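# What the coordinates show
For reference, the chains in residue letters:
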Amino acid sequence: MSTQVIVIGKPEKEKTKTAIEFRSFLNTRLKIDNGAYSPSHYKYIELICKDYALGFDLMFAYNDPNDRSCGLLYIGHFNDGIVE
């Protein structure tokens, strides 16, 4: 059975959640590159640092937790941390 949470008083408006956005990534030559994959391509996305630089967040995305060497560092917006 799931738990339902009830807030007594004026109910809050339901906020539309904003998905994670990738802007650029650090390629294997250690250069910033645009493009690559969308967040939905990855099984895991870790937020390393919120507001890392110039309003962008630093994230690490990968698919295999036993082989993180195939992951990429991304600059973008973590937003509400959901993937579409």
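Whatever comes next refers back to the structure up there.
Here is a short report on the structure shown in this document. (Residues numbered from 1 in each chain as written. Predicted model: local features only at pLDDT ≥ 70, side-chain atom pairs only at ≥ 80, totals over all residues. Heavy atoms only, no water.)

## Description of unusual backbone geometry
One non-glycine residue, D51, lies in positive phi territory at about 55 degrees. Of note, D51 is situated in strand β3 (residues 44–53). Using a relative accessible area of 52% as the deciding quantity, one classes D51 as exposed. (Helix = DSSP H or I, 4+ residues; strand = E, 2+ residues; numbered from the N terminus. Buried < 20%, exposed > 50% of the residue type's maximum accessible area, 1.4 Å probe, protein only.)

## A word on the packing of aromatic side chains
Throughout the structure, instances matching the rule amount to 7 aromatic pairs. On the numbers, 6.2 Å between centres and 65 degrees between planes, the contact of F22 with Y42 is edge-to-face. Placement of F22 in strand β1 (residues 21–26) and of Y42 in the loop between β2 (32–34) and β3 is noted, with a sequence separation of 20 residues between them. The class for Y42 is buried, based on a relative accessible area of 12%. (Phe/Tyr/Trp six-rings, centres within 6.5 Å; stacked < 30°, edge-to-face > 60°.)

## Section: the pairing of β1
For β1 and strand β5 (residues 72–77), the ladder comprises 4 bridges, and the chain directions are antiparallel. Within β5, the position partnered with F25 by the bridge is Y74. Across 3 bridges, the pairing between β1 and β2 is antiparallel. Within β2, the residue paired with L26 across the bridge is I32. (Pairing = 2+ DSSP bridges.)

## Things to note about the sheet that holds β5
The 5 strands lie next to each other as β2-β1-β5-β4-β3, forming an open sheet whose pairing is antiparallel. Two strands lie at the open edges of the sheet, namely β2 and β3, each paired on one side alone. Direction aside, neighbouring strands of the sheet carry axes that sit 35 degrees apart on average. Of the strand pairs in this sheet, strand β4 (residues 56–62) and β5 are connected by 5 bridges, and their pairing is antiparallel. (Axes fitted to C-alpha atoms, helices over the stretch in contact; angles between N-to-C directions.)

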